[in-house]
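Here is how the chains run, residue by residue.
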Amino acid sequence: TQVLRRSLQSGVVLSAGSFLVYEAHKLISGFAEVHASFKVEDVIEQADYLYGSGETEKLYRLLVQHKNSDDAELLWRLARSSRDLAQLGSTSAEEKKQLTYDSLEYAKKALEKNELNFAAHKWYGICLSDVGDYEGIKTKIGNAVIIKEHFQRAVELNPKDATTIHLIGIWCYSFAEMPWYQRKIAATLFATPPTSTFQEYAANSHLKLFSCLCAADPNFYSKNLLFLGKTYLKLNNKKMALLWLSKAKEYPAQTEEDKQV
């Protein structure tokens, strides 16, 4: 009322609508200043809800607004959502490529902001591997050691993160299955080429731990069920292969990746 009276006295005519807008603006501005420290937490809470709901496009639109953030928690989530959007069947080939490279940049920035963030290491390794699909087999193999180092660092920072343990298993599986011509490329790139066998993959302590986690929570991750089945098949253990492949087949598909599995 005092603001309105002073405004009228000074000859400035404020409509009821403009006055309310003015007061609302002051209120919102003051609230934003007082609660600015909670903004990141609010965005993360909303982002995690959208991720859990499978709202890939809405999640990306929310997080891309914060691409210039200095917060590693926001940035690695943006890297993940960019990658998830790239994998949608409705995403064009051109958009998929751009999103793949963008996701690597966001993950890299997350690492720069906080190198002790395990998720930043994990998603940097994932996104670096994805970019290799566009840059050729030589680059992909050349990045393999870097990728594994980031996965291992993620496990060191958070030994209970089952997805990273799974990714190390996938890394071992990929090298165990590597064809001869790719092994020759690896031999030219490294003094001691990275190697793995299916026996090593199956005996890997990380994979054993993840198998226990998977037994406790069979709906944890569809791709892990698939690779456990494929590994047992390579080891000629058809009974165990059938068990895990059946679980993969029966997995309730929610994401595009689940459908591919």
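Owing to the predicted nature of the structure, the values given are computational and were not obtained by experimental measurement. (Residues numbered from 1 in each chain as written. Predicted model: local features only at pLDDT ≥ 70, side-chain atom pairs only at ≥ 80, totals over all residues. Heavy atoms only, no water.)

With respect to the packing of helix 3 (residues 39–52) against helix 4 (residues 56–64)
Piece 1. The interhelical angle for the contact between helix 3 and helix 4, taken along N-to-C directions, is 160 degrees, at an axis separation of 9 Å. Between helix 3 and helix 4, the angle is such that the two are roughly antiparallel. Handedness of the crossing formed by helix 3 with helix 4: left-handed. Mapping the contact onto sequence places Val-43, Gln-46, Ala-47, Leu-50 and Tyr-51 in helix 3 and Lys-58, Leu-59, Leu-62 and Leu-63 in helix 4.
Piece 2. A per-class count over the contact of helix 3 with helix 4 returns seven nonpolar, one polar and one charged. (Axes fitted to C-alpha atoms, helices over the stretch in contact; angles between N-to-C directions. Helix = DSSP H or I, 4+ residues; strand = E, 2+ residues; numbered from the N terminus. Parallel < 35°, antiparallel > 145°, perpendicular 65-115°, else oblique. Left-handed = near helix turned anticlockwise from the far one by under 90°. Contact = heavy atoms within 4.5 Å. Nonpolar A, V, L, I, M, F, W, Y, C, P; charged D, E, K, R; others polar.)

With respect to the packing of aromatic side chains
Piece 1. Tallied over the entire structure, the rule returns one aromatic pair.
Piece 2. Considering the side-chain rings of Tyr-101 and Tyr-134, the 6.1 Å spacing of their centres and the 45 degrees angle between planes classify their relative orientation as tilted. Of this pair, Tyr-101 sits in helix 6 (residues 93–113) while Tyr-134 sits in helix 7 (residues 118–135), and the two are 33 residues apart along the sequence.
Piece 3. The side chain of Arg-80 reaches across the aromatic face of Tyr-51, ending 3.5 Å from its centre. (Phe/Tyr/Trp six-rings, centres within 6.5 Å; stacked < 30°, edge-to-face > 60°. Lys NZ or Arg CZ within 6 Å of the ring centre and 35° of its normal.)

Here's the deal with the side chain of Thr-100
Piece 1. When you line up the elements, Thr-100 lands in helix 6.
Piece 2. Relative accessible area serves as the criterion here: at 7%, Thr-100 is assigned to the buried category.
Piece 3. Beyond its immediate chain neighbours, meaning those up to four positions away, Thr-100 contacts Ala-86, Asp-130, Val-131 and Tyr-134. (Buried < 20%, exposed > 50% of the residue type's maximum accessible area, 1.4 Å probe, protein only.)

Considerations on the nonpolar core
Piece 1. Ranked by internal contacts, the top residues of the largest apolar core, which has 40 residues, are Leu-63, Leu-104, Ala-110, Tyr-124 and Phe-151.
Piece 2. Counting only elements with at least two residues in this core, the list comes to helix 3, helix 4, helix 5 (72–86), helix 6, helix 7, helix 9 (144–157) and helix 10 (162–176).
Piece 3. Counting residues domain by domain, this core receives three or more from each of domain 1 (38–134) and domain 2 (142–217).
Piece 4. Beyond its immediate stretch of four places on either side in the chain, Ala-110 contacts Ala-72, Leu-75, Trp-76 and Ala-120. (Core = buried A, V, L, I, M, F, W, Y, C linked by side-chain atoms within 4.5 Å. Domains from an automatic or database assignment.)

Some points on the confidence of the model for the protein chain
Piece 1. Of all residues in the protein chain, 68% have pLDDT values of 70 or greater, and the mean over the chain is 77.
Piece 2. At the low end of the mean pLDDT range in the protein chain sits helix 1 (residues 2–9), at 39; at the high end sits helix 6, at 97.
Piece 3. Across residues 1–37, where pLDDT falls below 50, the model places ten contacts with residues more than four positions away in sequence or in other chains. (pLDDT = per-residue confidence, 0-100.)

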